[in-house]
Amino acid sequence: MKDELKWGLMILLFVLMAYILPYTLLTNVTKWYGSFFVWIILAIIVIGINYFITKDWGKEK
């Protein structure tokens, strides 16, 4: 349970970064692909985190 909470907080951090980064660091990027690239990278990271959260589900300890 403790590991799942840690991973969940990491996902929350990346979701917040997806909202904050385009409006702060990427404000001067006039092309649409600036934010889109960041969202793709963050989505891949969150998919990876979800893999680590769910890989041991169903296994008995």
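First, a word on what this report is: a plain description of the structure on this page.

Calculation rules
Residues numbered from 1 in each chain as written. Predicted model: local features only at pLDDT ≥ 70, side-chain atom pairs only at ≥ 80, totals over all residues. Heavy atoms only, no water. Helix = DSSP H or I, 4+ residues; strand = E, 2+ residues; numbered from the N terminus. Buried < 20%, exposed > 50% of the residue type's maximum accessible area, 1.4 Å probe, protein only. Areas by Shrake-Rupley, 256 points an atom, 1.4 Å probe, with all protein chains shown as cover. Lys, Arg positive; Asp, Glu negative; His and termini not counted. Charge placed at Lys NZ, Arg CZ, Asp CG, Glu CD. Phe/Tyr/Trp six-rings, centres within 6.5 Å; stacked < 30°, edge-to-face > 60°. Lys NZ or Arg CZ within 6 Å of the ring centre and 35° of its normal. Core = buried A, V, L, I, M, F, W, Y, C linked by side-chain atoms within 4.5 Å. Contact = heavy atoms within 4.5 Å. Axes fitted to C-alpha atoms, helices over the stretch in contact; angles between N-to-C directions. Parallel < 35°, antiparallel > 145°, perpendicular 65-115°, else oblique.

## Considering the overall build of the protein
The helix and strand inventory of the protein stands at two helices and zero strands. A burial count over the protein gives 21% of its 61 residues as buried. Here the protein has roughly 5,400 Å² of accessible surface; of this, 71% comes from carbon and sulfur atoms. If you average the places of the 6 positive and of the 4 negative side-chain charges in the protein, the two averages end up 11 Å apart.

## Quick word on the packing of aromatic side chains
Under the criterion given, the structure shown has two aromatic pairs. Between W7 and F52, the aromatic rings sit 5.6 Å apart at their centres with planes inclined by 10°, giving stacked as the arrangement. In this pair, W7 is assigned in helix 1 (residues 2-24) and F52 in helix 2 (residues 33-54), connecting sequence segments 45 residues apart. Arranged with centres 5.5 Å apart and planes meeting at 65°, the rings of Y51 and F52 form a pair that is edge-to-face. Grouped by ring-pair contacts, the aromatic residues W7, Y51 and F52 constitute a single cluster. Positioned above the aromatic ring of W7, the side-chain terminus of K6 is 4.8 Å from the ring centre.

## So, the nonpolar core
Formed by W7, I11, F14, A18, L26, V38, L42, V46, I49 and I53, the largest nonpolar core amounts to ten residues. Elements with a minimum of two residues in this core: helix 1 and helix 2. Looking at this core, the element that brings in the most residues is helix 2, giving five residues. Setting aside chain neighbours within four positions, we find W7 in contact with I49, F52 and I53.

## With respect to the packing of helix 1 against helix 2
One way to put it is that helix 1 packs onto helix 2 with a least axis distance of 10 Å and a crossing angle of 175°. Considering their axes alone, helix 1 and helix 2 lie roughly antiparallel with respect to each other. Contacts from E4, W7, G8, M10, I11, F14, M17, A18, L21 and P22 in helix 1 reach S35, V38, W39, L42, I45, V46, I49, N50, F52 and I53 in helix 2.

Note that every value here comes from positions in space, so none of it alone points to a role or purpose.
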